[in-house]
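For reference, the chains in residue letters:
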Amino acid sequence: MNEQKILHLDADAFFASVEQAADPRLRGRPVAVGGAKRGVVASASYEARRMGVYTTMPTARARKLCPSLVIVAGDFEKYERFSRLLFSYVYDFTPTVEISSIDEGYANLTGNRRTSAGDIAETIRRVVRQTLKITLSEGIGSNKLVSAVASKLKKPDALIIVPAGGERNFLASLETKWLPGVGPKLAEEFRRAGLPRIGNIAETPPEQLALFAGNQAVTLWEMARGIDSRLVIPDPPAAKSVGEQETFERDSTDEHFARARLRQMADRLLATLRAGQRTARTMEVRIRYNDFDEARRSESFSEPTNLESDVYPVIDRLLRRAWERRVSLRLVGLKFSNLYDAKFQDTLALEWSAESEGRKEGWETGRLGEIGRQAEVPRGRRYDAAGAVDRIRETYGQSAILRGHDLFLKTGERNAESGDKSSSLASTGHSTFPSPVSAFPSPVSALNLRSSFSFLDSLLSPEAAVREAAERGAKIVAL
């Protein structure tokens, strides 16, 4: 049996390189692609990297390090177009291509016996450089692990070929962080245990590695020895999406009900994206009428996101655009596609004083619910809040924290069970959102607070607000 020949290709500083390719005035200059809404660097050209600018750095700090830095807002339609062109050249040599992200992927070249894998890789690099004006780094090995490490080891614009049988020696001298599944924390634990190199992992019995890596131990031990049985699975970019759909028990003409169900789907799907450190740029709402006719409407965000605050308004807009006929619905569905690594997320500022560094770059004005008051809400805090909700729900269940649409649906279910049809969501007639007070079991304590930690209306901290509400006998506190 012939040894596998797996090519891994990784575009160098992809977003920034595409901007330089599209605008000759940017070539040779330090360029950073920064979010229009997020004050972080998503991609930095190698000219900028030599000045200390790197991905995820706040753009305010990047400007200080490199005063000549050119910051360009992301153009994701352009990046997706370049990505399709890039991989079209790979398909010229093999149909077995796995696109793992917008700027990197694998190709199994084993079946191409006319041309050597090295010649194919060089041809792809040359054609991409000549036509797209960007560079690639490539690695060739007998499996996905070795080829991926080889492509990233000497970026940019490099090709490394690891001969069959040389996998273990190639990996041995590298730090453990190069192994899949070894993050900074585990790498530091290995270092403290006297296992700083992949070769050290290969020589350590799996039962000892399990003290640090748990059930990953056997897999890490095998990979450290150059063993990786993962296959190159062809998967076109259009198939990379997450979605849900729901068929109603009864056909419904209730727009609030349909919207609430779509928002619940969004909550689950966005939590899945955040868990995988992914963001989505395109969202689609699908509806099915009672006569089985369907309608779909989609919209792309200016930048990839996994935040509910970005998604909810678009859900409302797409639902209204899709629901053109005055006919009841039997199904609604939601899908997120054009998935990206979460490069645009900025981090939580632990104190409000952090705004001095990133206020102009990473903050935006947000509207707080239905009270209509404007407040400055840093996106990093939104990500942190979303992550906290995910962790609480994972630990204590979905009902541990409920949003407005969750309460709306629960109230309707409770009314339906008790025979109250006035606001039953199971009916086919329209209903309205319950009033804020009627949604809660009594007694209710309405507190108007302003906190030094948030946008509330009292000097009470959130903990103090909860204690005061509990003293008044309230079962639920909404902040």
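Residues numbered from 1 in each chain as written. Predicted model: local features only at pLDDT ≥ 70, side-chain atom pairs only at ≥ 80, totals over all residues. Heavy atoms only, no water.

Caption draft 1: Just the overall build of the protein chain, in detail. Looking only at helices and strands, the protein chain has 17 helices and 14 strands in total. In the protein chain, which comprises 479 residues, the share counted as buried stands at 47%. Summed over its atoms, the accessible surface of the protein chain is roughly 24500 Å², and 50% of this surface lies on carbon and sulfur atoms. (Helix = DSSP H or I, 4+ residues; strand = E, 2+ residues; numbered from the N terminus. Buried < 20%, exposed > 50% of the residue type's maximum accessible area, 1.4 Å probe, protein only. Areas by Shrake-Rupley, 256 points an atom, 1.4 Å probe, with all protein chains shown as cover.)

Caption draft 2: Region of the structure containing the sheet that holds strand 10 (residues 278-289). Across the sheet, which stays open at both edges, the four strands sit in the order 9-12-10-11 with antiparallel pairing between neighbours. Edge strands, defined here as strands with exactly one partner in the open sheet, are strand 9 (241-252) and strand 11 (294-305). Put simply, the sheet's adjacent strands are angled 15 degrees from each other on average, direction ignored. Sheet analysis places strand 9 next to strand 12 (residues 329-341), joined by eight bridges and oriented antiparallel. What sits directly across from Ser241, in strand 12, is Ser337. Sheet strands touched by helix 13 (residues 308-322): strand 10, strand 11 and strand 12. Its angle to strand 11, the strand with the most contacts, is close to 155 degrees. (Pairing = 2+ DSSP bridges. Axes fitted to C-alpha atoms, helices over the stretch in contact; angles between N-to-C directions. Contact = heavy atoms within 4.5 Å.)

Caption draft 3: Local environment of the packing of aromatic side chains. Under the counting rule described, the total for this entry stands at nine aromatic pairs. Between Phe76 and Tyr340 the ring centres are 5.2 Å apart and the planes differ by 85 degrees, which places this aromatic pair in the edge-to-face class. Within this pair, whereas Phe76 is found in helix 4 (residues 76-91), its partner Tyr340 is found in strand 12, the two being separated by 264 residues in sequence. Look at Phe248 and Phe257: their rings are 4.8 Å apart centre to centre, the planes differ by 50 degrees, and that puts the pair in the tilted class. You'll find Phe248 and Phe257 in the same group, each marked buried. Counting every residue linked through ring pairs, the aromatic cluster contains Phe14, Phe15, Phe76, Tyr79 and Tyr340. The residue whose ring lies beneath Arg49 is Tyr46, and the NZ or CZ to ring-centre distance is 4.5 Å. When the ring centre of Tyr289 is taken as origin, the NZ or CZ atom of Arg325, which lies over that ring, is 4.7 Å away. (Phe/Tyr/Trp six-rings, centres within 6.5 Å; stacked < 30°, edge-to-face > 60°. Lys NZ or Arg CZ within 6 Å of the ring centre and 35° of its normal.)

Caption draft 4: Summary view of the pattern of salt bridges. If you walk through the whole model with that rule in mind, you get 36 salt bridges. The salt bridge involving Glu80 is made with Arg281; its shortest N-O contact spans 2.8 Å. Pair noted here: Glu80 is in helix 4 and Arg281 is in strand 10, with a separation of 201 residues, a long-range link. Of the residues examined, Glu80 reaches a relative accessible area of 12% and is grouped as buried. The closest approach of N and O atoms between Glu294 and Arg288, which form a salt bridge, is 2.7 Å. The class for Glu294 is partly exposed, based on a relative accessible area of 28%. Put simply, Asp10, Asp12, Glu104, Lys152 and Lys155 are held in one network by salt bridges that share partners. (Salt bridge = Lys/Arg side-chain N within 4 Å of Asp/Glu carboxyl O.)

Caption draft 5: Spotlight on helix 6 (residues 144-153). Of all ten residues in helix 6, eight are buried, a share of seventy percent or more. Among the residues of helix 6, the N-terminal cap falls to Asn143, whose side-chain oxygen and the backbone nitrogen of Leu145 are separated by 3.2 Å. (Polar contact = N/O pair within 3.5 Å; in protein donor to acceptor, adjacent residues only side chain to side chain.)

Caption draft 6: Seen up close, the packing of helix 10 (residues 206-213) against helix 11 (residues 217-224). Axis separation between helix 10 and helix 11 bottoms out at 8 Å; the angle between their running directions is 120 degrees. The two elements helix 10 and helix 11 meet at a crossing, and its hand is right-handed. Residues Pro206, Leu209, Ala210 and Ala213 of helix 10 touch helix 11, and the partners they reach there are Ala217, Val218, Leu220 and Trp221. Split by residue class, the contact of helix 10 with helix 11 holds eight nonpolar, no polar and no charged. (Left-handed = near helix turned anticlockwise from the far one by under 90°. Nonpolar A, V, L, I, M, F, W, Y, C, P; charged D, E, K, R; others polar.)

Caption draft 7: Structural context of the nonpolar core. Judged by nonpolar contacts, the single largest core of 34 residues is most densely connected at Met283, Ile287, Leu334 and Phe336. Those elements giving two or more residues to this core turn out to be strand 9, helix 12 (255-275), strand 10, strand 11, helix 13, strand 12 and helix 16 (404-418). For this core, the leading source of residues is helix 12, giving nine residues. Those residues in contact with Phe336 that sit more than four places away from it in its chain are Ser241, Val242, Ala266, Leu269, Leu270, Leu273, Ala280, Thr282, Met283 and Val311. Among the nonpolar cores identified, the runner-up in size contains 32 residues, and Ala42, Ile102, Ile124 and Leu136 belong to it. (Core = buried A, V, L, I, M, F, W, Y, C linked by side-chain atoms within 4.5 Å.)

Caption draft 8: Structural context of helix 11. Residues of helix 11 that are buried: Ala217, Leu220, Met223 and Ala224. One side of helix 11 holds all its buried residues, which, seen down the axis, span an arc of 135 degrees. Structurally, helix 11 contributes buried residues whose contacts are with helix 6, helix 7 (167-172), helix 8 (184-192), helix 9 (198-202) and helix 10. Gly226 sits one or two positions beyond helix 11 and adopts a positive phi of about 85 degrees. (Arc of directions from axis to C-beta.)

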